[in-house]
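# Structural overview
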Amino acid sequence: MFKKTLGVAVIATVAFAGQAMARDQIRIVGSSTVFPFATTVAETFGNKTGFKTPVVESTGSGGGLKLFCAGIGDEHPDITNASRRIKKSEVEKCAAAGITDITEVKVGFDGIVLANSKSAKPVELTKQQVFMALAKQVPIDGKLVDNPYKTWNDIDPSLPKTKIEVLGPPPTSGTRDAFVELAMEGGAKAFDMLKDLRKSDKKAFKAVAHSVREDGAYIEAGENDNLIVQKLVANPDAIGIFGFSFLDQNADRIQGGIIGGVEPTFENISAGDYGISRSLYFYVKAAHADKVPGIKEFIAEFTSEDAFGEFGYLTEKGLIPLSEEERTKVRNDATSLTNLKLM
């Protein structure tokens with residue numbers, strides 16, 4: 001999302017020299033949703049300390065974790081951002097590459113919005129309607145069939161008679177993972193047939209609930225939300241999927257849809273009333289913390305009240321802050337490089 005890197009040159013890869021790392025600049029990859037928060041912290045960190053401004057790349061959550069878990073050493077990133085929690089399989093891949101000490105830092109919350117151009121009528125849908133519009137297969141007359149719905153009006157006569165055209169993230173994106181889990185799966189549970197399937201075969205239910213149609217109604221728009229916004233402005237009938245923070249920064253051109261009767265506002269997401277919201281994270285490679293200058297100080301800046309606090313500068317970028325109690329715990333665990341524990 002936004003620009004690809006943070007206005008600083010990427011340092012050429014060099015190998016380990018004994019126990020020291022030749023790289024003197026933090027390298028961060030990962031989630032395009034966390035990208036604007038990470039770049040803001042990186043710029044602040046670079047301006048107020050004697051350390052170089054970290055290089056931040058937007059690769060998507062899955063792509064970032066793949067790079068992060070590839071190994072230890074100068075050619076591998078130090079930190080990866082994620083708009084979903086790291087998976088057990090990813091922790092195992094990290095361990096196989098010698099990365100056994102990982103610190104998880106939860107930075108706040110974000111809502112996933114279905115937005116459209118401000119020149120059109122605001123989107124108003126239920127999770128069930130979202131599932132019916134985007135699922136690869138849907139229940140009709142007691143059977144699962146390939147999705148036949150072409151227009152929103154086909155799903156419900158009260159919806160517009162416009163073509164279903166949704167621009168969204170690819171499978172490597174944490175936003176995509178969270179969207180299918182929170183919105184699609186939530187909508188699938190509204191069907192008795194699928195609710196019964198969930199009880200009898202959770203794996204089969206998940207396969208149905210998480211499978212997005214591939215017939216052109218859902219268009220993978222990559223990790224570039226700026227491109228999605230441009231397309232929404234050009235086509236008022238289209239809908240885009242991305243994080244609330246990006247909606248917040250483009251509120252002059254696009255508007256968030258009402259899902260289940262609730263608007264995607266800062267207050268509604270923070271109160272837990274908006275039904276498609278998720279936690280945001282970054283992960284630190286502890287083996288790099290004593291080798292690359294500034295990693296511990298960068299963590300301290302990101303988890304400071306000035307940054308991710310209730311009135312911190314990241315809230316101006318759209319971050320929904322954690323509670324004071326949770327922020328204190330996150331800060332203590334992060335600055336002490338507490339090792340990740342998956343429950």
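Quick note: structure is the one above.
Residues numbered from 1 in each chain as written. Predicted model: local features only at pLDDT ≥ 70, side-chain atom pairs only at ≥ 80, totals over all residues. Heavy atoms only, no water.

So, on to the pattern of salt bridges. Tallying each qualifying case throughout the model produces 18 salt bridges. Across the pair Arg-23 and Asp-78 runs a salt bridge whose closest N-O atoms are separated by 2.7 Å. Placement of the pair is Arg-23 in the segment before strand 1 (27–30) and Asp-78 in the loop between helix 2 (61–68) and strand 3 (79–82), with a sequence separation of 55 residues. Residue Arg-23 is classed as buried on the basis of its relative accessible area, which comes to 4%. The buried category is assigned to Asp-78, whose relative accessible area is 0%. Here Glu-305 and Arg-327 are joined by a salt bridge, their closest N and O atoms 2.9 Å apart. Taken together, the positions of Glu-305 in helix 14 (residues 305–308) and Arg-327 in helix 15 (residues 324–335) put the pair 22 residues apart, joining distant regions of the chain. Judged by its relative accessible area of 38%, Glu-305 falls in the partly exposed class. With relative accessibility at 4%, the residue Arg-327 sits in the buried group. (Salt bridge = Lys/Arg side-chain N within 4 Å of Asp/Glu carboxyl O. Helix = DSSP H or I, 4+ residues; strand = E, 2+ residues; numbered from the N terminus. Buried < 20%, exposed > 50% of the residue type's maximum accessible area, 1.4 Å probe, protein only.)

When its volume is computed, the largest pocket comes out at roughly 500 Å³. As for the largest pocket, its lining consists of 17 residues, and the residues nearest its centre are Lys-87, Asp-177, Ala-178, Glu-181 and His-210. Elements represented by at least two residues in the lining of the largest pocket include exactly helix 6 (174–188), helix 8 (202–210) and strand 13 (277–285). The element best represented in the lining of the largest pocket is helix 6, accounting for six residues. Tallied by class, residues from the lining of the largest pocket come to five nonpolar, four polar and eight charged. (1 Å grid on protein atoms, 1.4 Å probe; cavity = no way out; pocket = protein on both sides within 12 Å on 5 of 7 lines; lining within 4 Å. Points joined across faces, edges and corners; volume = space filled by probe spheres on them. Nonpolar A, V, L, I, M, F, W, Y, C, P; charged D, E, K, R; others polar.)

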